[in-house]
Amino acid sequence: MPSRLHRLGLFLVLLVTCPLAAQPVPEEITFDDALRIGLERNTALRQAANVAEARALDVARNRAQFLPDLSASLRPTQRYGLAFNQTTGELNQETSESR
């Protein structure tokens, strides 16, 4: 069974070496990279871009309201049924169509 001193030494070795191994190696970036990353992650800039895009869509929608409307409808119908002939006094089977 390891002694207390042996366990304490092992603990200290692990305490010192583990944080050093766990730390990532810092990556060097250029000033242009840092500027690009900062602009990509800037929330105020993103919000301003979203507002500008929404306003551009509003302008396009409002311009479209001034364009003429054109609509067409075609409803052909065909009806079957009985019709009363006043001359002869009979019911006749008739078909009527409208286009």
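For the structure, see preceding data.
Draft legend 1. Structural detail: the overall build of the chain. Along its length, the chain carries three helices and two strands. Helices and strands appear in the chain in the N-to-C order α-α-α-β-β. Looking at the chain residue by residue over its 99 residues, the buried ones come to 0%. Carbon and sulfur atoms make up 59% of the accessible area of the chain, which amounts to about 10100 Å² in all.

Draft legend 2. Focus on the pairing of strand E1 (residues 77-85). Judged from the nine bridges that link them, E1 and strand E2 (residues 90-98) form a sheet pairing that is antiparallel. Note on E2: the bridge partner recorded for Thr-77 is Ser-98. Remark: four residues form the turn of the hairpin made by E1 and E2, two consecutive strands paired antiparallel; Gly-89 in that turn has positive phi of roughly 75°.

Here is what the cut-offs are and how they apply
Residues numbered from 1 in each chain as written. Predicted model: local features only at pLDDT ≥ 70, side-chain atom pairs only at ≥ 80, totals over all residues. Heavy atoms only, no water. Helix = DSSP H or I, 4+ residues; strand = E, 2+ residues; numbered from the N terminus. Buried < 20%, exposed > 50% of the residue type's maximum accessible area, 1.4 Å probe, protein only. Areas by Shrake-Rupley, 256 points an atom, 1.4 Å probe, with all protein chains shown as cover. Pairing = 2+ DSSP bridges.

Scope: geometric values only; no functional claims are made or implied.
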